[in-house]
Every structure is written in structure tokens, then in C-alpha cells.
Amino acid sequence: MTTASYRILVMGVSGSGKSHVGRLLARRLGADFIDGDDHHSAANVAKMARSIPLTDDDRRGWLDTLAGRFADYRGRDASVVIACSALKARYRGRLRRGDPALRILYLDGEQALLRERLGSRRGHFFKGDAMLASQLADLEPPGPDEARVADIAEAPEAIVEAFVAALGEEGGEA
Ligand SMILES: Nc1ncnc2c1ncn2[C@@H]1O[C@H](COP(=O)(O)OP(=O)(O)O)[C@@H](O)[C@H]1O
Ligand SMILES: O=C(O)[C@H](O)[C@@H](O)[C@H](O)[C@H](O)COP(=O)(O)O
């Protein structure tokens, strides 16, 4: 018998539920969970805390760190879910490092709902409407051939179950 292992990227703008849904998904699959937010440099965190959006240059090292984690799990045939905004197509390419088996769950939602969700969150370094607007401006939403799309108006458990059902249909990397 072979056991499937998965490398899954949960992406979307700030407040879309990457951390929450990603953690649930990892638990559901018995996979490890890595929150991309925990891997920003101190300089990036300080910038975001001052409501200054990150640039491509700011994000490069961060994306490479997370790409290294995906590659590590792939090398060990172990499962991991990583939450990372991955706003632009080339960021996703950087994270994927040519791995065709990397799955992507894209959390998509209306700006008003995103704002509401961000407002309910306390003690986080990400601040304000201007930052959300800049994330939405940077966002290059993945198409259906690149990612499975979930509507963030749905309950987190429903989003996870739909994604897991689709994984089951596709099969994992044995
Ligand atoms: N599908 C959902 N339905 C209701 N609340 C959600 C959903 N997804 C996330 N949340 C809540 O919204 C807030 C933002 O979610 P979070 O996971 O921190 O987003 P992100 O990591 O993308 O910035 C949190 O308070 C979280 O519990
Ligand atoms: O690429 C970026 O500009 C940042 O990484 C950003 O996308 C991310 O959202 C922050 O880390 C805030 O954290 P949350 O996404 O958890 O709000």
C-alpha cells in the first residue's frame, strides 16, 4: 500500500483565512503546518507594522525560505501545508520550484468581508485598509488550472472538506 503525501500552499490576501484554514487543513490531513508569517525577517515585520507594503525585493528571501521548506518535505515524502500570501504568479513559481505535485488552495473573498475579518483580529503586525488595498492591487489570482478556489464566505470546515474531497479524487504523490 502506498500512502499519499502532500505539499499544499494556502494563499490569499491578508485576512482571507490562510492561517486558520491552513491549520485546519493540516490537522485534517495529519500534515505539518507552517505559517509563512512566522518566517518574515524582522525588517519585513517592522515595515508592515508601519503600514508600508512589502516590495518584490522584500519578499524574495522570504519566499525562498518557504520554497526550501516545501522542497525539504518533498524530499522526505512528507506532508506539509504552508500558509503564504503568494500574491503574484511568479511568487508561486518561486515557491513551487518546478514541483508539479504542489497543490494550491486559493482563498478568495469580497473586500468588505476581508476588512471585517482583519478588524476582528488583534495583536497582529499587519495593519489597516491601505495595506489590504495594496495586497489586492498586487494580487494575481490563480486560475482553475493553477489552484482550487474557495469562497471565504463559506465555513472553514466546509472549505477544508471540499479541498480534501478534491485531493482524494486526484490522488497524491505516492
Ligand atoms: N472561512 C471563515 N469564516 C469565518 N471566519 C474566518 C474564516 N477564515 C478565517 N476566519 C477568521 O478571520 C480572521 C482572519 O483569518 P486569518 O487566518 O488570520 O487570515 P490570514 O492568515 O489570511 O491573514 C481570523 O479571526 C479567523 O479566525
Ligand atoms: O507578502 C506580503 O505582503 C505579506 O506577507 C503579506 O501578504 C502577509 O499577508 C503578511 O504576512 C500579513 O500577514 P497575514 O497574511 O496573516 O495577514
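Residues numbered from 1 in each chain as written. Chains lettered and ligands numbered in written order. Predicted model: local features only at pLDDT ≥ 70, side-chain atom pairs only at ≥ 80, totals over all residues. Heavy atoms only, no water.

The name an unreviewed UniProt entry gives the chain is Gluconokinase, with Halomonas salifodinae as the organism. A UniProt comment under Sequence similarities (unreviewed entry) is attached to the chain, and it reads "Belongs to the gluconokinase GntK/GntV family." Looking at the Catalytic activity (unreviewed entry) heading of the UniProt record, one finds this comment for the chain: "D-gluconate + ATP = 6-phospho-D-gluconate + ADP + H(+)". (UniProt positions renumbered as here; feature names shortened; annotations may be inferred.)

S.K.: Looking at this model, I keep getting lost on the layout of surface pockets. Mind explaining?
M.R.: The volume enclosed by the largest pocket comes to roughly 540 Å³. Elements with a minimum of two residues in the lining of the largest pocket: helix H1 (18–29), helix H3 (56–75), helix H6 (128–138) and helix H7 (156–170). No other element matches the four residues that H1 contributes to the lining of the largest pocket. Volume-wise, the second largest pocket comes out at about 150 Å³. (1 Å grid on protein atoms, 1.4 Å probe; cavity = no way out; pocket = protein on both sides within 12 Å on 5 of 7 lines; lining within 4 Å. Points joined across faces, edges and corners; volume = space filled by probe spheres on them. Helix = DSSP H or I, 4+ residues; strand = E, 2+ residues; numbered from the N terminus.)

S.K.: Teacher, can you tell me more about the site of ligand 1 here?
M.R.: Near ligand 1 you find 15 residues, and of these Gly15, Lys18, Ser19, His20 and Arg121 are the closest. Separating an oxygen atom of ligand 1 from a backbone N or O atom of His20 is a distance of 2.9 Å. One nitrogen or oxygen atom from the main chain of Glu154 is found 2.9 Å from a nitrogen atom belonging to ligand 1. Protein coverage of the free-state accessible area of ligand 1, which is 560 Å², stands at 80%. (Near = heavy atom within 4 Å. Polar contact = N/O pair within 3.5 Å; in protein donor to acceptor, adjacent residues only side chain to side chain. Areas by Shrake-Rupley, 256 points an atom, 1.4 Å probe, with all protein chains shown as cover.)

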